[in-house]
Structure formats: C-alpha cells, structure tokens
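# Coordinate analysis (summary)
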Amino acid sequence: MTIAAVIDTISTDTTLNSPISHDTIARAAWATIANPGDPHVGGVIARYGAETALTALLDHAEYTAAGRDGTVAQLRSTILPRYSVDRVVDAIRRTVAGGYELLTPSHPSWPASVADLGSAAPFALWMRGDASILSVPSVALTGTRFATRHGRHVCVDLASGLLVHGWAIASTAARGIDTAALMTAQAFTGRNLLVLPTGLDTAFPAENSDLVDAAATRGVVVSEIAPGSEPSAWRFQRGAQLLAALSSKTVIVEAGYESGALSTAVTALKLGRPCGAVPGRSSSAANAGCARLIRDFGASLIATSSDIVYL
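Quick caveat: nothing in here was measured; it's all calculated off a predicted structure.

### A closer look at the overall build of the protein chain
Across its full length, the protein chain holds 14 helices and nine strands. Against the globule reference of 19 Å for 311 residues, the protein chain gives a C-alpha radius of gyration of 20 Å, in line with a compact fold. Each of the three principal axes of the protein chain carries a C-alpha extent, and together these read 60 × 40 × 30 Å. Residues classed as buried in the protein chain amount to 56% of the 311 residues present. For the protein chain, the share of sequence-separated contacts (at least 6 apart) that also reach a separation of at least 24 residues comes to 73%. For the protein chain, the accessible surface area stands at approximately 12900 Å², while carbon and sulfur atoms represent 53% of it. Treating the 23 positive side-chain charges of the protein chain as one cloud and the 25 negative ones as another, the clouds have centres 6 Å apart.

Spelled out as structure tokens, the structure:
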C-alpha cells in the first residue's frame, strides 16, 4: 500500500523509457486519490513536499511532523480509501503509452500562472502538444453549451480577430461556445490552449475527439486529471477554474444566468485577471449570465476583438 511499492513497480517496468522522479510519482498518486485543486492536499504538499506528505498519509508515520499533522490525519479518513498501487501504476503507464508529458512545478514547462491559485493549484498536469503555448498570451473564450446561432457567430468573430493579433485561443472542448472557439482557431491555423476536465485519454464530448487531436498538433492540450479517470461533475467545474488560471484574459461570449461557464469568469476576477463579457441581445435568456457578470461582478463589456486586446 505504500508509495515504495509504486516506486519499486515503476523502477522495474521495462515499458518505461526513462526514470521518473519520486516527486512526480507522488504527485501522480495524489492526483488519483484527491479531488483536483483540493486546498487541504495542496497545503500539506506545500508544507512537506508531495512524497513526504504521501508517505505520512499511507504509512501513518506519526514519528514525523507530517505524520502528526492534523490535516494529514483528516485526509486519511476521507481520501485514503481511494488509494491503490495498481491505480497509480496504471495512470503512469497510460501516460507513457499515450505519449503524454507529466508536468510538475519543477518541470521547465510548468506554467507559472497557476501559482495564483495558491493551495488550490494543480498537483500535476498532463500535457499533449507544444508546452511553450502554456506561457504565451492567451484569451479564454468560453460560454454556454447551448449556444445560439448568434452566440456562435460572435465567438467566431472574436476568435478570428484575436488570432490576427497573435493571441492563443483557450477553451475547453465542451459543446457550444467552446467548440466554436476551438474550431475557429484551427480553421485559422491559430494556436489552441485546450483544457480538458477529463484525462487526456478521454475526449468529452466524444464527438470532439478529432478536434482535441488537432489541437494537440497545433497547440497544447492539458489536464490535471490522471489518464484512466472517470469524468465527474466536480471535475468539469474545476476544469473551468483551471482554464481561467492558465489564460491571460477571460471572455464569456454567451451564458445563461446560472451557466457553469460563469465560474471561469469568477475565478479570473478573483485572480485579478482581465475579464469581459459580451452583453448580446437584451431580450435573450442566453445572455443573462453575461449581463450578470457586467452588472454584479464588474466584468468589462466586450463588443469586438479590439475590446479584448485592450482589456
């Protein structure tokens, strides 16, 4: 049950081409048992390091400071039952088999922007594509899955204008506005920064799998969810937050009053990042969330791509 069992298994696995650090293995293990962005886990990793904190969790090492930590003791009762040596080893094998890169804060390609999440920063990131795009100026264009024809048209117009100005387009692969942003960047041979709320081996929705593959060839696809993990409602919400943290600016193109896309904007505002919303048609319920962001949260009103550039 210990982390040593994972390390021993991986170190003798002939399918792995290069050594994997103990810190990377520990962070991958945390990603398989904890909810992404769990601030309690992030706190103990920050205090003791990923490997020491995981050892204390698994081995009940009360002779160490980490083992006596009250948060670690609490985590034993909540997330320890999810731990499995086979599960961690499987995630790492899937990482290698899929050709994914596993990033940690010590990796040169780790995006510095996620540090603004504090203790809720990712434990690790799985990546396909060009890692350099994680550090270039990008705009998250996101919104409702139930986009109107007008909303999709506005998204295409904004995305194409931003691409002319050299910005990368960030989004999820969700239906609606995000798909419109993703497809526009690919049509203009622009750069995509695509955030998945699932493992990189699972495209959601499935019909966008080809778009995800194309994004990996022209940009970068990233997730904090270990390969082989099942989708969950919380992971979709967290994916929206990670999108805001990875992006330089966020714009909500079209969203209902209670749309989940609003969490991306709220996260961006909390992080002090520029955030805007397209007011759209006042008579349409599809724009109620954008009006709410402008009225109640101080998001900037966006009408053109130039508004975003100077946001």
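### Here we look at the nonpolar core
Within the largest apolar cluster, 47 residues are counted, with the highest numbers of intra-cluster contacts made by Trp 30, Leu 57, Tyr 83 and Trp 126. Elements with a minimum of two residues in this core: helix 1 (3-11), helix 2 (22-33), helix 3 (39-48), helix 4 (50-59), helix 6 (70-78), helix 7 (85-97) and helix 10 (209-218). Considering every element that reaches this core, the biggest residue donor is helix 2, with seven residues. If near-sequence neighbours (up to four positions away) are discounted, Leu 57 is found in contact with Trp 30, Ile 33, Val 72, Leu 75, Arg 76 and Leu 80. Ranked by size, the runner-up nonpolar core spans 20 residues in total, among them Leu 141, Ala 147, Trp 167 and Ala 185.

### Some details on the packing of helix 2 against helix 4
Interaxial distance between helix 2 and helix 4 falls to 8 Å at its minimum, and their mutual angle equals 55 degrees. With respect to each other, helix 2 and helix 4 are oriented oblique. Viewed along their axes, helix 2 and helix 4 form a crossing whose handedness is left-handed. Of the residues in helix 4, those touching helix 2 at His 22, Asp 23, Ala 26, Arg 27, Ala 29, Trp 30 and Ile 33 are Ala 50, Glu 51, Ala 53, Leu 54 and Leu 57.

### A short note on helix 6
When helix 6 is considered as a whole, its buried residues turn out to be Val 72, Leu 75 and Arg 76. Each buried residue of helix 6 sits inside an arc of 110 degrees when the element is viewed along its axis, so together they form one side. Pointing more than 90 degrees away from the buried face of helix 6 are the exposed residues Gly 70 and Ser 77. Tucked into the core, helix 6 has its buried residues touching helix 2, helix 3, helix 4 and helix 5 (65-68). Its side-chain oxygen at 2.7 Å from the backbone nitrogen of Thr 71, Asp 69 defines the N-terminal cap of helix 6.

### Re the sheet that holds strand 1 (residues 101-103)
The strands that make up a sheet are held in pairs by hydrogen bonds between backbone atoms, and each pair lies either parallel or antiparallel. As summarised here, the arrangement of the nine strands in space is 1-2-6-5-4-3-7-8-9, forming an open sheet in which the pairing is mixed. The two strands at the open ends of the sheet, each matched to only one other strand, are strand 1 and strand 9 (300-301). Across two bridges, strand 8 (residues 275-277) lies against strand 9 in parallel orientation. Note that in strand 9 the partner of Gly 276 across the bridge is Ser 300. Running over the sheet, helix 12 (residues 262-270) touches strand 3 (138-142), strand 7 (249-252) and strand 8 and is turned about 145 degrees from strand 7.

### Some details on the environment of Asp 296
Mapped onto the secondary structure, Asp 296 falls in helix 13 (residues 288-296). Within polar-contact distance, the side chain of Asp 296 engages the side chain of Arg 295 at 3.1 Å.

### Description of the state of the cysteines
Following the criterion strictly, the structure yields zero disulfides and no others. The thiol of Cys 155 is not disulfide-bonded; the next cysteine sulfur, from Cys 290, is found 11 Å away. Among the cysteines around Cys 290, which has no disulfide bond, Cys 275 carries the closest sulfur, lying 9.6 Å off. Of the residues examined, Cys 290 reaches a relative accessible area of 0% and is grouped as buried.

### Looking at the packing of aromatic side chains
Here the structure, examined in full by the defined rule, presents zero aromatic pairs. Directly above the ring of Tyr 257 sits Arg 292, whose terminal nitrogen or CZ lies 4.5 Å from the centroid.

### Some points on helix 2
Across its twelve residues, helix 2 extends 17 Å between first and last C-alpha, which sits within 8% of the 16 Å expected from 1.5 Å per residue. Burial analysis of helix 2 places ten of its twelve residues in the buried class, which makes it a mostly covered element. Along helix 2, the residues classified as buried are Thr 24, Ile 25, Ala 26, Arg 27, Ala 28, Ala 29, Trp 30, Ala 31, Thr 32 and Ile 33.

### Some words on the packing of helix 3 against helix 6
Close contact between helix 3 and helix 6 brings their axes to 10 Å; oriented N to C, the two are set at 135 degrees. Overall, the two elements helix 3 and helix 6 adopt an arrangement that is oblique. Handedness of the helix 3/helix 6 crossing: left-handed. Residues His 40, Val 41, Val 44 and Arg 47 of helix 3 form the contact with helix 6, whose own contacting residues are Thr 71, Val 72 and Leu 75. Across the contact of helix 3 with helix 6, the residue classes tally to four nonpolar, two polar and one charged.

Cut-offs and rules
Residues numbered from 1 in each chain as written. Predicted model: local features only at pLDDT ≥ 70, side-chain atom pairs only at ≥ 80, totals over all residues. Heavy atoms only, no water. Helix = DSSP H or I, 4+ residues; strand = E, 2+ residues; numbered from the N terminus. Rg over C-alpha atoms; globule rule 2.2 N^0.38 Å. Buried < 20%, exposed > 50% of the residue type's maximum accessible area, 1.4 Å probe, protein only. Contact = heavy atoms within 4.5 Å. Areas by Shrake-Rupley, 256 points an atom, 1.4 Å probe, with all protein chains shown as cover. Lys, Arg positive; Asp, Glu negative; His and termini not counted. Charge placed at Lys NZ, Arg CZ, Asp CG, Glu CD. Core = buried A, V, L, I, M, F, W, Y, C linked by side-chain atoms within 4.5 Å. Axes fitted to C-alpha atoms, helices over the stretch in contact; angles between N-to-C directions. Parallel < 35°, antiparallel > 145°, perpendicular 65-115°, else oblique. Left-handed = near helix turned anticlockwise from the far one by under 90°. Arc of directions from axis to C-beta. Polar contact = N/O pair within 3.5 Å; in protein donor to acceptor, adjacent residues only side chain to side chain. Pairing = 2+ DSSP bridges. Disulfide = S-S within 2.5 Å. Phe/Tyr/Trp six-rings, centres within 6.5 Å; stacked < 30°, edge-to-face > 60°. Lys NZ or Arg CZ within 6 Å of the ring centre and 35° of its normal. Expected span 1.5 Å × (residues − 1). Nonpolar A, V, L, I, M, F, W, Y, C, P; charged D, E, K, R; others polar.

No statement about biological role is implied by the geometric values presented.
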